[in-house]
Amino acid sequence: MKILRTQTLRGPNYWSIRRDKLIVMRLDLEDLAEKPSNEIPGFYEGLIDVLPSLVEHYCSPGYRGGFFERVRTGTYMGHIIEHIALELQELAGTPVGFGRTRSTSTPGVYNVVFEYVDEQAGRYAGRAAVRLCQSIVDTGTYPKQELAQDLADLRDLCNNASLGPSTETIVKEAQARNIPWLLLSARAMVQLGYGVHQKRIQATLSSFSGILAVELACDKEGTKTILKDGGIPVPRGTVIQYLDELSAAIEEVGGFPIVIKPLDGNHGRGISIDVKTQQEAEEAYDLASAASKTRSVIVERYYKGSDHRILVINGKVAAVAERIPAHVVGDGRSTVEELIEITNQDPNRGDGHANVLTKITIDKTSLNVLEKQGHELTSILAHGEIAYLRATANLSTGGIAVDRTDEIHPENVWIAQRVAKLIGLDIAGIDVVTEDIRKPLREVDGVIVEVNAAPGFRMHVAPSRGLPRNIAAPVIDMLFPPGTPSRVPILAITGTNGKTTTSRLISHICRQTGKVVGFTTTDGVYIDDYLVEKGDNTGPYSASMILKDPTVEIAVLETARGGILRSGLAFNQCDVGVVLNVAADHLGIGDIDTIEQMAKVKSVVAEVVSAEGYAVLNADDPLTASMAEKVKGRVAYFSMSPDNPIIHDHIRRGGMAAIYENGYLSILEGEWTLRIEEAVNIPVTMQGMAPFMIANALAACLATFVQGIDIELIRQGVRTFKPSVAQTPGRMNLFDLGHHHALIDYAHNPAGYEAVGGFVGNWSGEKVGVVGGPGDRRDDDLILLGKLSAQMFDRIIVKEDNDTRGRRRGEVADLILRGISQENASLRPEVILDETEALEKALSTVSEGGLVVIFPESVTQAIDLIEKHRPLTDNQG
Ligand code: ATP
Ligand code: ATP
Ligand code: MG
Ligand code: MG
């Protein structure tokens, strides 16, 4: 077996709309192609032995053990690998369920598709599944330690890649509210919402966390001063920079016991608590000084009580937790060391922030803390006796948290909310030392020790005891108050032909509203009039560029086949999904061999239309029209003919449509006909002579109409959009050269040729074609281009692209010639392989009033050449 290619899909795609995180592995079964599992001796038994948990895969039989049944009675290796890739991820702790395996047109080659949670882990699981299967085929088994290693690697990949626990809770809440999110590539920042409506978070800092507030919170002394000035109880203390100031400082705070800590520390580093003697104080001073960047040390009175964290979000207390330092509880038999080991076996305890709790570590600090309590690692604790291993209660050093949200005294709630306001933080973690959070701080001599920016959420979301609290909800409420938008309208356009033209026209109409329009096309990414990035930008990367832009108010996205197949869509829902047509082009690429498969690729755009949105479909193209069945939102059709039966039926049921009637482009809404404009007044239709452009314009009018754009603005848009070289280079650019005309068009498939033919047929003078075709199309497609040319032109010059895309020079021309002679043997086509020469020849020989049509490889070269022939004007441009 050999993996030929592995693709990672990250959005709605050909295989599934809902399961949008998929690995597609193109697999050559080689010698196993002809061997179903039942013909491989020992395979079934070997697989059961290696992965017994596969019994839970129901597979097509639909009952427990169903998949094993399939293996026993005979199924192909691709299908087995799909199940194993899923199971390996499941065993590594990332549950996944979706899988598909399909043959391709190459015998023995399959596409194995399976879901992932983490990309890297998904790809790894695919490779491991192939390895595992091959080993069972070759040796009857797969070594246990290999499997254990695979699972360990998978777990590592998932842990390293996943969002931090706090970020993840916020993202999950956003998802639950249908707010889109994107991971930005810098600083683990997450974007919530699209375009102008976006907000950002980084861990638990938000777009609303002001730099002044965050810096103040990081400055403990500054924080204390501000709070003290506000009358908030804070520890009595002072800051020193030299050891000889220590004694005076201790006296100033009222003598022992004291706390000594670095001015600029965190995570409890360099802190000594409950310091009782001068000698201890000096040691603590050194520790703190070393941990401080500025060598500044805080000396504070020690306050009795336990550590509490009050989380204030957007001015309101959202949760309260009591934090208890890492400790073990005696059982009358075990040593402290043994008790630590037992405690660490809790599956909730992981390394670092990977899990709800963190493992307790034995180090110098813990030994010191033990010693202070009169214990060592070998001490045996009495039943119920507690030994602490840390003085501070951070979760990251093995502490636990107990929810106290329902117990806090109202006066303390009021104080905490005031503290957050005084510091100015939108999300504040307030550390309080008090003996009883149920009593007002003042009564029990409790103090606010610190205010944290970017507080961790772990202790509230997953406390060791007490109720878990959904604290992501108030964060999202703050970023997106109920009723405010998080998305910008997305209008996505797909089809075989006309995408760029229609996308540009839609953008132009949208711009009449005065809003900022971001759009992507084959020519580049644009925001309003400005080119952001040149090049073929019809994939998810370019779409995200628009959705990430903080100025964009409407997104218009040309969405081509290539991107959908390569990685899926960049968005999981759109407001308007336009499908223009499905014609034979690009077949045989990416395992899309039939036009029906191509229709399935393009229908992804229609299927992601949201429930309130519209799919705009071509009623004249059966493959496109039938996509309506899978649309979750509403459907609107466009048609060149008022008599189209689909339109009739749709209108009768109260649907919406756009049609071409009596020379007008009109919207039908129930019984009403809204005339937008006469085709002759819409420049893009070339005085109404280019039928396919009328179709594109109908799609554009309908798309913007269902999006709620005022019909007067639509009118204004279609009247002012010109098919000039500047606005739509290579799309129906007609040049008046005085003696004759020339037309440049980028048609490159049969449907495109036919479309242009619709215009050429309306021309009364001599019609000369300069034709060729891209070398990567199938023979039959090129022959067809020849036939279509013969129908269209009085005279033909056959040329070739410079880039033959893998074919022998002259081969494409021969195929086109074959098509021409099949269609019309009396035509005497000329062959001039060089495009420039061919065009020169046509321009110099065409008769007066005639039309030269060129389908160029390079649009700019053709334009330059024609410009040299002294154009008077560029038709309407
Ligand atoms: P973290 O990053 O965990 O917030 P830190 O390094 O910022 O820690 P502080 O928050 O100042 O340090 O102190 C850590 C803990 O030490 C406090 O939560 C509290 O339990 C204890 N503590 C600090 N100062 C005092 C004090 N004056 N009296 C009693 N306990 C104190
Ligand atoms: P690409 O796949 O290259 O991005 P596209 O779908 O964006 O193409 P356009 O660039 O708008 O299409 O148009 C390319 C050519 O396709 C046009 O010059 C014209 O010849 C032809 N074409 C445009 N619209 C249609 C249509 N509705 N039906 C058939 N052919 C069309
Ligand atoms: Mg603290
Ligand atoms: Mg295009």
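As the structure is a computational prediction, the values presented were derived from the model and not from experiment.

Okay, the site of ligand 2 next. Neighbouring residues of ligand 2: 21 residues in total, closest Thr500, Thr501, Asn696, Arg731 and Asp745. A distance of 3.4 Å separates an oxygen atom of ligand 2 from a polar atom in the backbone of threonine 496. About the coverage of ligand 2: the protein hides 92% of its 630 Å² of free accessible area. Looking at the shell around ligand 2, the elements with two or more residues in it are helix H17 (499–511), helix H23 (691–706) and helix H25 (750–760). No other element matches the four residues that H25 contributes to the shell around ligand 2. In the shell around ligand 2, the residues fall into six nonpolar, eleven polar and four charged.

An order of S9-S12-S10-S11 is seen for the four strands of this open sheet, with the pairing classed as antiparallel. The open sheet terminates on both sides in strands that have one partner only, identified here as strand S9 (237–240) and strand S11 (272–275). The mean inter-strand angle of the sheet, taken between neighbouring strand axes irrespective of direction, is 20°. Judged from the two bridges that link them, strand S10 (residues 258–262) and S11 form a sheet pairing that is antiparallel.

A few words now on unusual backbone geometry. With an omega of -5°, the peptide bond running from phenylalanine 256 to proline 257 counts as cis. With respect to the helices, strands and loops of the structure, proline 257 is situated in the loop between helix H9 (246–252) and S10. At aspartate 445, a residue that is not glycine, the phi angle is positive and equals roughly 60°. By the element assignment, aspartate 445 lies in the loop between helix H14 (441–444) and strand S21 (447–453).

Before going further, it helps to spend a moment on the domain arrangement of the protein. One can read the domain layout of the protein as domain 1 (1–159), domain 2 (235–299), domain 3 (488–718) and domain 4 (731–867). Taken over C-alpha atoms, the centre of domain 1 sits 39 Å from the centre of domain 3. On the domain 3 side, the residues contacting the 15 residues of domain 1 number 18 residues. It is Pro12, Tyr14 and Ile17 that lose the most area in domain 1 upon contact with domain 3, and together they represent 55% of the buried surface on that side. There are one salt bridge connecting domain 1 and domain 3. Taking the shortest distance from any N to any O, the salt bridge between arginine 26 and aspartate 591 comes out at 2.7 Å. The interface formed by domain 1 and domain 3 includes seven residue pairs in polar contact (both at pLDDT 80 or more). With four residues, strand S1 (residues 2–9) is the largest single contributor of residues to the side of domain 1 that touches domain 3. Its residues assigned to classes, the side of domain 1 that touches domain 3 comprises four nonpolar, seven polar and four charged.

With four bridges joining them, strand S35 (residues 767–771) and strand S36 (residues 795–798) adopt parallel strand pairing. Counted as the bridge partner of glycine 769 is isoleucine 796 from S36. The parallel pair S35 and S36 is bridged by helix H26 (residues 779–792), and the resulting crossover is right-handed. Of the strand pairs in this sheet, S36 and strand S37 (residues 830–831) are connected by two bridges, and their pairing is parallel. Bridging across to S37, valine 798 finds its partner in valine 831.

Time to look at helix H18 (residues 540–547). When you tally the buried positions in H18, you get six out of eight residues, the bulk of the element. Among all positions in H18, only Pro540, Ser542, Ala543, Ser544, Ile546 and Leu547 are buried. Taken together, the buried residues of H18 touch strand S6 (190–192), strand S22 (490–494), strand S23 (517–520), strand S24 (524–527), strand S26 (554–558) and helix H19 (561–567).

Only Asp431 (OD) and Glu450 (OE) from the protein coordinate the magnesium ion (ligand 3), and they sit 1.8 to 2.5 Å from it. Taken as a pair, aspartate 431 in strand S20 (residues 427–434) and glutamate 450 in strand S21 lie far apart in primary sequence, 19 residues in all. Glutamate 450 matches aspartate 431 in its accessibility class, with the two residues each being buried.

Taken together, 22 residues are adjacent to ligand 1, and Lys220, His267, Asp307, Asn394 and Glu450 come closest. Arginine 301 places a polar main-chain atom, nitrogen or oxygen, 2.9 Å from a nitrogen atom of ligand 1. Within the contact set of ligand 1, a nitrogen atom lies 3.0 Å away from a backbone nitrogen or oxygen of tyrosine 303. Relative to its free-state accessible area of 610 Å², ligand 1 is covered by the protein chains to the extent of 95%. At three residues, the largest contribution of residues to the shell around ligand 1 is made by S21.

Reading across from one edge, S25-S24-S23-S26-S22-S27-S28-S29-S30-S31-S32 is the order of the eleven strands in this open sheet, with mixed pairing throughout. Because the sheet does not close on itself, it has two edges, and the strands there are strand S25 (530–534) and strand S32 (672–678). The mean inter-strand angle of the sheet, taken between neighbouring strand axes irrespective of direction, is 15°. Inspection of the sheet shows S24 paired to S25 by four bridges, in the antiparallel sense. Looking at the pairing, valine 525 lines up with glutamate 533 of S25. Packed onto the sheet, helix H22 (residues 645–652) meets strand S29 (634–639), strand S30 (656–661) and strand S31 (664–669) and runs at close to 140° relative to S29.

With that out of the way, let us pick up the pattern of salt bridges. Taken as a whole and assessed by the stated rule, the structure comprises 50 salt bridges. Of the charged contacts, one joins arginine 333 and aspartate 331 as a salt bridge, the two residues approaching to 3.8 Å between their closest N and O atoms. According to the relative accessible area criterion, arginine 333 is exposed, its value standing at 64%. The partner of aspartate 814 in a salt bridge is arginine 808, and the shortest N-O contact between them spans 3.9 Å. Through salt bridges with shared partners, a single network forms among Glu221, Lys224, Lys261 and Glu300.

Once that is clear, we can look at the pairing of S10. The buried count for S10 comes to five of five residues, which makes it a mostly enclosed element. Here S10 shows a buried face lined by Ile258, Ile260 and Pro262 and a second buried face lined by Val259 and Lys261. Inspection of the sheet shows S10 paired to strand S12 (residues 297–301) by five bridges, in the antiparallel sense. Residue pairing for S12: proline 262 is matched across the bridge by valine 297.

Moving on: the environment of aspartate 621. Mapped onto the secondary structure, aspartate 621 falls in the loop between strand S28 (609–618) and helix H21 (622–625). Exposure remark for aspartate 621: the relative accessible area of 13% places this residue in the buried category. Separated by 17 residues in the primary sequence, aspartate 621 and phenylalanine 638 place their C-alpha atoms 10.0 Å from one another. In this structure aspartate 621 touches Asn581 and Val582, once residues within four positions along its chain are discounted.

Cut-off values and rules
- Residues numbered from 1 in each chain as written.
- Chains lettered and ligands numbered in written order.
- Predicted model: local features only at pLDDT ≥ 70, side-chain atom pairs only at ≥ 80, totals over all residues.
- Heavy atoms only, no water.
- Near = heavy atom within 4 Å.
- Polar contact = N/O pair within 3.5 Å; in protein donor to acceptor, adjacent residues only side chain to side chain.
- Areas by Shrake-Rupley, 256 points an atom, 1.4 Å probe, with all protein chains shown as cover.
- Helix = DSSP H or I, 4+ residues; strand = E, 2+ residues; numbered from the N terminus.
- Nonpolar A, V, L, I, M, F, W, Y, C, P; charged D, E, K, R; others polar.
- Pairing = 2+ DSSP bridges.
- Axes fitted to C-alpha atoms, helices over the stretch in contact; angles between N-to-C directions.
- Domains from an automatic or database assignment.
- Contact = heavy atoms within 4.5 Å.
- Buried area = accessible area lost by both parts, 1.4 Å probe.
- Salt bridge = Lys/Arg side-chain N within 4 Å of Asp/Glu carboxyl O.
- Right-handed = clockwise from strand over helix to strand, strands pointing away.
- Buried < 20%, exposed > 50% of the residue type's maximum accessible area, 1.4 Å probe, protein only.
- Donors = N, O, S within 2.8 Å, 3.2 Å for Na, K, Ca; no water.

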